[in-house]
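# Fold and contact review
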Amino acid sequence: MFRHIVLLRWADEATEDQKAAVVAGLETLPANIPEIKNYVIGTDAKINEGNSDLGIVADFDSADDYVVYRDHPVHLKVVADFIKPILAGRAAVQFPLG
């Protein structure tokens, strides 16, 4: 297994509708990209100051399957249409499991 984790921070002017559109767009990805084996999206609970606003954990059978996801046109469209317009910061890591 191969894991991809992303943390996103929204611009101050991002609206609740825009943030909801990001989540809705991301939720379409598993149905469109069969290489995704597990996909979890979570909005920060706002317990600790300075956290990111949204986290995504995606699991794949291999690094090659992750690359299919990374470059998939449906994924790229969600990023371009919904994420980039309100993005203030991004951090990511990928690593093999086990």
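Provided above is the structure to which this section pertains.
The sections below set out a description of the structure shown in this document. (Residues numbered from 1 in each chain as written. Predicted model: local features only at pLDDT ≥ 70, side-chain atom pairs only at ≥ 80, totals over all residues. Heavy atoms only, no water.)

So, about the overall build of the protein. Within the protein, the regular secondary structure consists of four helices and four strands. Scanning the protein from its N terminus toward the C terminus, one meets helices and strands in the order β-α-α-β-β-α-α-β. Along the three orthogonal principal directions, the C-alpha set of the protein runs to about 35 × 30 × 15 Å. Counting every position in the protein, which comprises 98 residues, the buried fraction comes to 32%. Taking as baseline every contact in the protein between residues at least 6 positions apart, the subset at least 24 positions apart corresponds to 74%. When the accessible surface of the protein is split by element, carbon and sulfur atoms take 53% of a total near 5900 Å². Each charge class in the protein was averaged separately, 9 positive and 15 negative side chains, and the resulting centres sit 3 Å apart. (Helix = DSSP H or I, 4+ residues; strand = E, 2+ residues; numbered from the N terminus. Buried < 20%, exposed > 50% of the residue type's maximum accessible area, 1.4 Å probe, protein only. Contact = heavy atoms within 4.5 Å. Areas by Shrake-Rupley, 256 points an atom, 1.4 Å probe, with all protein chains shown as cover. Lys, Arg positive; Asp, Glu negative; His and termini not counted. Charge placed at Lys NZ, Arg CZ, Asp CG, Glu CD.)

Turning our eyes to something else, we now look at the packing of helix 1 (residues 16–27) against helix 4 (residues 73–83). Closest axis-to-axis distance for the helix 1/helix 4 pair is 9 Å, and the angle between their directions is 175°. What the angle tells us is that helix 1 and helix 4 run roughly antiparallel. Residues Ala21, Val22, Gly25 and Leu26 of helix 1 pack against Val78, Phe82 and Ile83 of helix 4. Residues belonging to the contact of helix 1 with helix 4 are distributed by class as follows: six nonpolar, one polar and no charged. (Axes fitted to C-alpha atoms, helices over the stretch in contact; angles between N-to-C directions. Parallel < 35°, antiparallel > 145°, perpendicular 65-115°, else oblique. Nonpolar A, V, L, I, M, F, W, Y, C, P; charged D, E, K, R; others polar.)

Across the sheet, four strands lie side by side as 2-3-1-4; this open sheet has antiparallel pairing. For this open sheet the edge positions go to strand 2 (36–43) and strand 4 (87–96), each flanked by a neighbour on one side alone. Direction aside, the axes of adjacent strands within the sheet are offset by 10° on average. Relative to strand 3 (residues 54–60), strand 1 (residues 2–10) runs antiparallel, the two being bridged by seven bridges. (Pairing = 2+ DSSP bridges.)

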